[in-house]
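Geometric and topological summary
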Amino acid sequence: MSDFHADAFDHDAALQACARGDQQALQRLYEREHRYLFGVALRIVRQRQVAEDVLHDAFVSIWQRAASFDPARGAGRGWMFTVVRHAALNRMRSASREVSLDDDEVPSDGEGGLPAGDAMTDDPFVHRAMLGRLGDCLSALEPARRDCVLLAYVEGCSHGEIAERTRTPLGTVKAWIQRSLRALRECMG
Amino acid sequence: MTPQNPPRDDMHHDGSPDELLAGEYVLGTLSAEARAQVEARLAHDVPLRAAVDAWEARLLPLTALAPADEPSADLWPRIARSLHIAGARAAGPAAKPAARADGWQRWWNSLALWRGLATGAVAVALLLAVALGFRLGAPAGPQYMVVLVAPQDKAPGWVIQASSPRELSLIPLGMTPVPAARSLQFWTKADDWSGPVSLGLVQPGEPMRVPIDRLPPLQHNQLFELTLEPENGSPIGRPTGPILYIGRAVRVRG
């Protein structure tokens, strides 16, 4: 990914130091990234306390798994984001199972319990400026399909939640997401 | 990799269904069960792992769309407490990353906190064996004992006694607080196993007997741990939560 930080903090080296048991290296990573990682988790789980739990578990996991971090599979900063995102997503998906939210239920026309999407998702110029090639490829998608991708990735919405938020039939949402993934893969290689 | 003229709407007729599966996994739209299945496969399925890595790399810039936010000032101290960053591990020799293992074996072997644990645990184990008056000198076969300690401060929390080749006893030394809707899960792995095996869910503060006659015989240095998992246990058959207690089997002579 493109590095949004101008200076040369070496995440990979810090993670390798964690693998050697260097506790201050983990603290440096935390100090550097916690606001961004917390933002990502909060957007997905939507509650500050839960997001803190996610970040806690993710940092314990990063510490424990630092030695298995493989720079050949992707840069260290990105790896930390994937650990946090999947911790948040696992939390959300198992929570929704507990309250038996039925993913296959046809969404009603009524107001869903979720806050409406915001302008973040529909400004192609923002996408192009911040997201590089991915922004170009997203901009090439139909806006409604692009929103599905962003609601899923950024907001952590399930198929059912996207259907509710966008007032689109669930089957349509599923098909749009699959087509969007194919289009993105083709566009980005 | 790229299918020829795939039907556009049906991933099951697509030549690379895992490509879409990996994409949906990274996107986050899979159910808990489907996520668990993907994560279990990632341990050994190299093409799937490559597809997931590629999707992670493609979509990662989207993380910049989530506005940064400041968690409470307590969060780092809380993480630090969980790791006991204040020096518990500072004295040990530098650990090296696991050389060339794969999948879960690699992950399992790579946990830095396991290194250096055995020596301390042996001493504690022998002391406890005396202090608790365990009768470990039964005649048949080697006898093993494990003290499970907290990874942060090495405080002993549970003792495992292999009283027969067919059964383990897990004995609490105190109360282990467990958050609501979470469970303690008991795991073991010998050095030459490819992955950890669940020995079941554990009630905090209560002793438990665990049949082990379906497992290979206990080995010296075999690893045991208790992890914090979802209420019904890990959905994917290997540890997902933080390690609360950990220890290795020690051979004891009567």
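Residues numbered from 1 in each chain as written. Chains lettered and ligands numbered in written order. Predicted model: local features only at pLDDT ≥ 70, side-chain atom pairs only at ≥ 80, totals over all residues.

When you go through chain A residue by residue, the secondary structure sums to eight helices and zero strands. Taken from the N to the C terminus, the helices and strands of chain A come in the order α-α-α-α-α-α-α-α. Here chain A holds 189 residues, and the buried ones make up 46% of them. Considering only contacts within chain A whose residues lie at least 6 apart along the sequence, 66% involve residues at least 24 apart. (Helix = DSSP H or I, 4+ residues; strand = E, 2+ residues; numbered from the N terminus. Buried ≥ 20, exposed ≤ 12 C-beta atoms within 10 Å, placed from the backbone. Contact = placed C-beta atoms within 7 Å.)

With 70 residues, the main nonpolar core has Leu37(A), Ala41(A), Val54(A), Leu55(A), Val84(A), Ala88(A) and Ala152(A) as its most contacted residues. Top element by residues in this core is helix H2 (residues 23–45) of chain A. It accounts for 11 residues. Residue-level mapping places this core at the junction of two domains, with at least three residues from each of domain 1 (1–105) and domain 2 (123–189) of chain A. Non-local contacts of Ala152(A), meaning those with residues more than four positions away in its chain, are made with Cys157(A), Ile162(A), Ile177(A), Leu27(B), Gly28(B) and Thr29(B). Grouped together as the second largest cluster of nonpolar side chains are 28 residues, Leu168(B), Leu199(B), Leu228(B) and Ile246(B) included. (Core = buried A, V, L, I, M, F, W, Y, C linked by C-beta atoms within 7 Å. Domains from an automatic or database assignment.)

Next up on the list: unusual backbone geometry. Residues and elements named next belong to chain A. In this model, Arg46 sits at a positive phi of 70°, which is unusual for a non-glycine residue. By the C-beta count within 10 Å, which is 15 here, Arg46 ends up partly exposed. With phi around 50°, Arg167 is a residue other than glycine that occupies positive phi space. Within the element layout of this structure, Arg167 appears in the loop between helix H7 (159–166) and helix H8 (170–188).

As a further point, take the packing of helix H1 (residues 17–27) of chain B against helix H3 (residues 46–59) of chain B. A pair of packed helices is characterised by two quantities: the angle between their axes and the separation of those axes. All names here are of chain B. Look at H1 against H3: their axes get within 8 Å of each other, and the N-to-C directions meet at 50°. When the axes of H1 and H3 are compared, the pair comes out oblique. Taken as a pair, H1 and H3 cross one another with a handedness that is right-handed. For the pair H1 and H3, the contacting residues are Asp18, Glu19, Ala22, Gly23, Tyr25, Val26 and Leu27 in the first and Pro47, Leu48, Ala51, Val52, Trp55, Glu56 and Leu59 in the second. For the contact of H1 with H3, a count of residues per class yields 10 nonpolar, one polar and three charged. (Axes fitted to C-alpha atoms, helices over the stretch in contact; angles between N-to-C directions. Parallel < 35°, antiparallel > 145°, perpendicular 65-115°, else oblique. Left-handed = near helix turned anticlockwise from the far one by under 90°. Nonpolar A, V, L, I, M, F, W, Y, C, P; charged D, E, K, R; others polar.)

So, on to the confidence of the model for chain A. Atomic detail in the predicted coordinates should be set aside for any region of low pLDDT. Residues and elements named next belong to chain A. Looking at chain A, pLDDT values average 81 and 77% of them are 70 or higher. Considering only residues more than four positions removed or in separate chains, one finds that residues 1–6, a stretch of pLDDT under 50, has eight contacts. Counting interchain partners and residues more than four positions distant, the pLDDT-below-50 stretch residues 98–121 has 25 contacts. (pLDDT = per-residue confidence, 0-100.)

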